[in-house]
Amino acid sequence: MPSATPTFSTSPPPTSFSQISFPAPHVLLVTLSRPKDLNCINSAGNAELDRVWQWLDSEPSLRIGIVTGEGRAFCAGADLKEWNTSNTSTSQKRSPMPPSGFGGLSRRIGKKPVIAAVNGVAMGGGCEIIINCDIVLASVAAKFALPEVKRGVIALAGALPRLVRTVGKQRAMEMALTGRTLDAHEARVWGLVNEVVEGEPRMVVERALEVATAIAANSPDSVVVSREGVLLGWHGLGAEEGTESLIQGSWKRMEGGENMKEGVKAFVEKRTPRWVDSKL
């Protein structure tokens, strides 16, 4: 996959548990990189990823992120070895999860969209991540589950109230109370997944890059504000209340801006728009 050579206004945060790359203009790719541990995320990893996604939102030249996993797993959830040590030690306690949740994503609101490219198992916290991502693409090899009830804990990183909005009460109850595993095609039928990508697991990242590139080709202001409008409904606002909130808020900040003028002008002149980085 070719790598772009971007220029940033601020340097990307250092990473130890993930790899970051820029496979196309305006696109950030984050690869969870603990393959021997099925990319489970420990406390330090949660904090690291929170910084990465905050940087995505603050860096003007970036418009969208992709998250995937190295090896045969997307993310197998929390680091249970760390959790067990914390349970049995008085001195080694886990750090609290950031407000953005597990992997910096399971409770994230953020500003810019993130696509999950699920290359393998997405269990526990890994499944909580995908439930709150904006678009979910899954390899045919992907598996999804909330197995916390089998371990004496619960999915407390934000998935439970969000899951019911996506799949409905009965299916959410089935996932949360049985802990059973869904394959990629069943997850697609349930509405957890936008698209199942056939072929080798790596193909899902290539497909995610195609979708990310299509989104990045649109007005960055329009993408940010359109996403915000959808999330207003996701977070429970009624249709009229949400619409009015969007009109009085972000719409007023983008109305008459450079990108709105450029989009209309490009249409009239029958050419491709030349967008500038969003200032929202």
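Our structure's up above, just so we're on the same page.
Computed from a predicted model, the values in this text were never measured in an experiment. (Residues numbered from 1 in each chain as written. Predicted model: local features only at pLDDT ≥ 70, side-chain atom pairs only at ≥ 80, totals over all residues. Heavy atoms only, no water.)

A.B. asks: Can you explain the sheet that holds strand β10 (residues 195-197)? Please cite residues and give values.
C.D. replies: With respect to topology, 6 strands assemble into an open sheet ordered β1-β2-β3-β5-β7-β10, the strand pairing being mixed. Pairing within the sheet leaves two strands with one partner each, and these edge strands are β1 (18-24) and β10. Averaged over all pairs of adjacent strands, the angle between their axes in this sheet comes to 25 degrees, without regard to strand direction. For β1 and strand β2 (residues 27-32), the ladder comprises 5 bridges, and the chain directions are antiparallel. Counterpart to S18 in the pairing with β2 is L32. (Pairing = 2+ DSSP bridges. Helix = DSSP H or I, 4+ residues; strand = E, 2+ residues; numbered from the N terminus. Axes fitted to C-alpha atoms, helices over the stretch in contact; angles between N-to-C directions.)

A.B. asks: Report on the nonpolar core, specifying residues and quantitative values.
C.D. replies: By size, the foremost hydrophobic cluster in this structure holds 44 residues, and its most contacted members are V118, F144 and L192. Of all the elements, helix α1 (residues 43-58) adds the most residues to this core, at 5 residues. Apart from the residues within four sequence positions on either side, L192 is in contact with I130, I131, V136, L163, T166, V167, M175, L182 and A187. By size, the runner-up hydrophobic cluster in this structure holds 18 residues, among which are L29, V204, A212 and I215. (Core = buried A, V, L, I, M, F, W, Y, C linked by side-chain atoms within 4.5 Å. Buried < 20%, exposed > 50% of the residue type's maximum accessible area, 1.4 Å probe, protein only. Contact = heavy atoms within 4.5 Å.)

A.B. asks: Now, about the environment of M173: what can you tell me, with residues and values included?
C.D. replies: Among the secondary structure elements, M173 is positioned in helix α5 (residues 169-178). The class of M173 is partly exposed, set by a relative accessible area of 42%.

A.B. asks: Tell me about the environment of A159, residues and numbers included.
C.D. replies: Take A159: it is sitting in helix α4 (residues 159-167). Apart from residues lying up to four places away in sequence, A159 is in contact with E128 and I131.

A.B. asks: Would you mind going over the sheet that holds strand β9 (residues 182-183) in detail, with residue names and values included?
C.D. replies: If you walk across this open sheet you meet the 4 strands as β4-β6-β8-β9, and the pairing is mixed. Unpaired on one side and paired on the other, β4 (73-75) and β9 mark the two borders of the sheet. Against the sheet, helix α3 (residues 125-132) contacts β4, β6 (121-123) and β8 (143-145), and its axis sits at roughly 95 degrees relative to β6.

A.B. asks: Before we move on, could you go through unusual backbone geometry and cite the residues and values that matter?
C.D. replies: Phi at H26 is positive, roughly 75 degrees, even though this residue is not glycine. With respect to the helices, strands and loops of the structure, H26 is situated in the loop between β1 and β2. A positive phi angle, near 55 degrees, is found at L38, a position not held by glycine. For L38, the position within the fold is in the loop between β2 and α1. Since its relative accessible area comes to 25%, L38 is described here as partly exposed.

A.B. asks: Describe the packing of aromatic side chains, naming the residues involved and giving the relevant values.
C.D. replies: Summed over all chains, the structure comprises 3 aromatic pairs. On the basis of an interplanar angle of 55 degrees and a centroid distance of 4.8 Å, the ring pair of F8 and F22 is categorised as tilted. Of the two residues, F8 is situated in the segment before β1 and F22 in strand β1; the sequence distance between them amounts to 14 residues. The exposure class assigned to F22 is buried, which follows from its relative accessible area of 13%. Joined through ring pairs, the aromatic side chains of F8, F22 and W55 make up one cluster. (Phe/Tyr/Trp six-rings, centres within 6.5 Å; stacked < 30°, edge-to-face > 60°.)

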